[in-house]
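Each chain, written out:
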Amino acid sequence: MRKLNDILITGGAGFIGSNFIHYMFSEESSFKGRIINVDCLTYAGNLESLEDIEKKYSGSRYFFEKADITDRAAIDAIFKKYEIDTVIHFAAESHVDRSILGPQAFVSTNVNGTFTLLEAARNFWKKSDGSIRTDVLFHHVSTDEVYGSLGETGYFTENTPYSPRSPYSASKASSDHLAMAYFHTYGLPVTLSNCSNNYGPYQFPEKLLPLMIANIRDGKPLPVYGNGTNIRDWVYVEDHNRAVWLIVNKGRAGEKYNIGGENEWQNIKLLHKVIELTSARLGKNASDVEKTITFVKDRPGHDLRYAIDCTKIKQELGWQRKMSFEEGLGRTVDWYLENQAWVDHIISGEYTKWIEKNYQKR
């Protein structure tokens, strides 16, 4: 029986991690334990996303530790201080464009950071006879991008061979293999999930949806790679986090589970939908906004299509997504428009310089 009492969340100030922490405290009333959020607060980490959690639970059930997951001494100290019995590893460098421009950070965080966490967990959970406790768990959160690119048909299953095509996906594939190797070699209780594109609140506005919503609001160009026909499967972040918590509770050690939205959209068609919803809320003319779409040079090695087969997690663990895309997208647009100060605070800094430097017109 897994304890699930003192949970170390890595990357808890990021998009999915902060949403997971919100989910645990607002939706999972059966959880009575503590969450220890470890984040080194890179450009995508924002503690403002957790201000309400901090005010309500800090010092009792929520604790923040600023630390780099590659720092073994710091991670060892956190395991000992809080007697960690569960790791949910969200922390990652995750933007493909950034991995193309600077792959070193992706290898450092995604590969070396995962290795450091696995070693710390293995050491802390080791019993006197050298075996590993069975009441603990290391859950590794990964991406469907490790599988490579699909053609017009077919889906990624848990048995799809890995074929990463960017430094980002290669670093995540490496971390996946490390996590599973620790299960097979050392008996470390490990579960792994590969998810499709997440959307929802608190996402750093270099990603497609928050970027487009902000640019529509501000009357800026809407940059689209290539001809916009690349296809992605979209899952609402809370549905993803419900799946993660289900795996942590009921998933079999040594197994991986695909999490998807069963909701494929071409980038350009999704943008048209975002323009429609955002323009209506802002009182803008959608036809005028459409004219600001700007096709830019395609990303090197840009995968054509991702699509997830969720059969395993549905059949084994009973997961179903609750959020329809229409409702989820509407909620997402509303959140970013209602939280303009949060968005502007981020956009006004480092990201603005990056976007101006790296998005070049064809």
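Residues numbered from 1 in each chain as written. Predicted model: local features only at pLDDT ≥ 70, side-chain atom pairs only at ≥ 80, totals over all residues. Heavy atoms only, no water.

## Examining the overall build of the chain
Alright, step 1. Scanning the chain for helices and strands turns up 13 helices and twelve strands.
Alright, step 2. Projected onto the principal axes, the alpha-carbon positions of the chain cover approximately 70 × 45 × 40 Å.
Alright, step 3. Residues counted as buried form 57% of the 362 residues belonging to the chain.
Alright, step 4. Considering only contacts in the chain between residues 6 or more positions apart, those separated by 24 or more positions represent 84%.
Alright, step 5. Just so you have it, the chain exposes about 15300 Å², and 48% of that area is on carbon and sulfur atoms. (Helix = DSSP H or I, 4+ residues; strand = E, 2+ residues; numbered from the N terminus. Buried < 20%, exposed > 50% of the residue type's maximum accessible area, 1.4 Å probe, protein only. Contact = heavy atoms within 4.5 Å. Areas by Shrake-Rupley, 256 points an atom, 1.4 Å probe, with all protein chains shown as cover.)

## Some thoughts on the sheet that holds strand β11 (residues 264-266)
Alright, step 1. Sheet architecture is open: three strands sit in the order β7-β9-β11, paired in mixed fashion. The strands lining the two open edges of the sheet, one partner per strand, are β7 (197-199) and β11. Ignoring strand direction, the axes of neighbouring strands in this sheet form an average angle of 50 degrees.
Alright, step 2. Note that strand β9 (residues 231-236) and β11 share three bridges and pair antiparallel. Residue pairing for β11: isoleucine 231 is matched across the bridge by glutamine 266. (Pairing = 2+ DSSP bridges. Axes fitted to C-alpha atoms, helices over the stretch in contact; angles between N-to-C directions.)

## Points about helix α12 (residues 325-338)
Count 3.6 residues to each turn of an α-helix, and residues three or four apart come out pointing the same way.
Alright, step 1. For α12, with 14 residues, the first-to-last C-alpha span of 19 Å sits near the 20 Å given by 1.5 Å per residue.
Alright, step 2. Looking only at α12, the buried set comprises Phe325, Gly328, Leu329, Gly330, Thr332, Val333, Trp335, Tyr336 and Leu337. (Expected span 1.5 Å × (residues − 1).)

## Quick look at the environment of glycine 33
Alright, step 1. Along the polypeptide, glycine 33 turns up in the loop between α1 (15-26) and β2 (34-39).
Alright, step 2. For the pair glycine 33 and serine 60, spaced 27 residues apart in sequence, the C-alpha to C-alpha distance is 9.4 Å.
Alright, step 3. The contacts of glycine 33, once residues within four sequence positions are left out, are Asn5 and Arg61.

## Some remarks on the packing of aromatic side chains
Alright, step 1. Here the structure, examined in full by the defined rule, presents 18 aromatic pairs.
Alright, step 2. Seen from their ring centres, phenylalanine 106 and tyrosine 168 are 6.3 Å apart, and the 75 degrees between their planes marks the pair as edge-to-face. With a gap of 62 residues between them, phenylalanine 106 in helix α5 (residues 104-124) and tyrosine 168 in helix α6 (residues 167-186) connect regions that are remote in the sequence. When sorted by exposure, phenylalanine 106 lands in the same class as tyrosine 168, which is buried.
Alright, step 3. Centre to centre, the rings of tyrosine 199 and phenylalanine 325 are 5.3 Å apart; their planes meet at 75 degrees, and the pair counts as edge-to-face. With tyrosine 199 in strand β7 and phenylalanine 325 in helix α12, the pair connects residues that are 126 residues apart, well separated along the chain. Accessibility assignment for this pair places tyrosine 199 and phenylalanine 325 in one class, buried.
Alright, step 4. These aromatic residues form a ring-pair network of at least three members: Tyr199, Trp234, Tyr236, Trp265 and Phe325.
Alright, step 5. Positioned above the aromatic ring of tyrosine 186, the side-chain terminus of arginine 122 is 3.9 Å from the ring centre.
Alright, step 6. Between the NZ or CZ atom of lysine 312 and the centre of the ring of tyrosine 257, over which it lies, the distance is 4.9 Å. (Phe/Tyr/Trp six-rings, centres within 6.5 Å; stacked < 30°, edge-to-face > 60°. Lys NZ or Arg CZ within 6 Å of the ring centre and 35° of its normal.)

## Observations concerning unusual backbone geometry
Alright, step 1. Even without glycine at this site, tyrosine 202 takes up a positive phi of about 70 degrees.
Alright, step 2. Looking at the secondary structure, you find tyrosine 202 in the loop between β7 and α7 (208-218).

## Observations regarding the nonpolar core
Alright, step 1. Membership of the largest hydrophobic core comes to 42 residues, with the highest contact counts inside it found for Ile88, Trp245 and Ile313.
Alright, step 2. The set of elements that each furnish at least two residues to this core consists of β1 (6-10), α1, α2 (51-57), β5 (137-143), α8 (237-250), β10 (256-259) and α11 (311-317).
Alright, step 3. The residues contacting isoleucine 313, other than those within four sequence positions of it, are Ala243, Ile247, Tyr257, Asn258, Ile259, Gly318 and Trp319.
Alright, step 4. Listed in part, the 30 residues of the second largest apolar core include Leu271, Val274, Phe325 and Val333. (Core = buried A, V, L, I, M, F, W, Y, C linked by side-chain atoms within 4.5 Å.)

## Side note on the pattern of salt bridges
Alright, step 1. A full pass over the atoms with the stated rule returns 20 salt bridges.
Alright, step 2. A salt bridge links arginine 72 to aspartate 76, with the shortest nitrogen-to-oxygen separation between them at 2.9 Å. Of this pair, arginine 72 and aspartate 76 are both found in helix α3 (residues 72-82), four residues apart, which corresponds to roughly one turn of the helix.
Alright, step 3. A network of salt bridges, in which partner residues are shared, links Arg252, Glu255, Lys312 and Glu316. (Salt bridge = Lys/Arg side-chain N within 4 Å of Asp/Glu carboxyl O.)

## Considerations on the packing of α3 against α5
A pair of packed helices is characterised by two quantities: the angle between their axes and the separation of those axes.
Alright, step 1. For the pair α3 and α5, interaxial distance at closest approach is 10 Å and the crossing angle is 40 degrees. Taken together, the axis directions place α3 and α5 in an arrangement best described as oblique. As α3 runs across α5, the sense of the crossing is right-handed. When α3 is examined against α5, the residues Arg72, Ile75, Asp76, Phe79 and Lys80 are found in contact with a partner set consisting of Thr116, Leu117, Glu119, Ala120, Ala121, Asn123 and Phe124.
Alright, step 2. Taken together, the residues of the contact of α3 with α5 sort by class into six nonpolar, two polar and four charged. (Parallel < 35°, antiparallel > 145°, perpendicular 65-115°, else oblique. Left-handed = near helix turned anticlockwise from the far one by under 90°. Nonpolar A, V, L, I, M, F, W, Y, C, P; charged D, E, K, R; others polar.)

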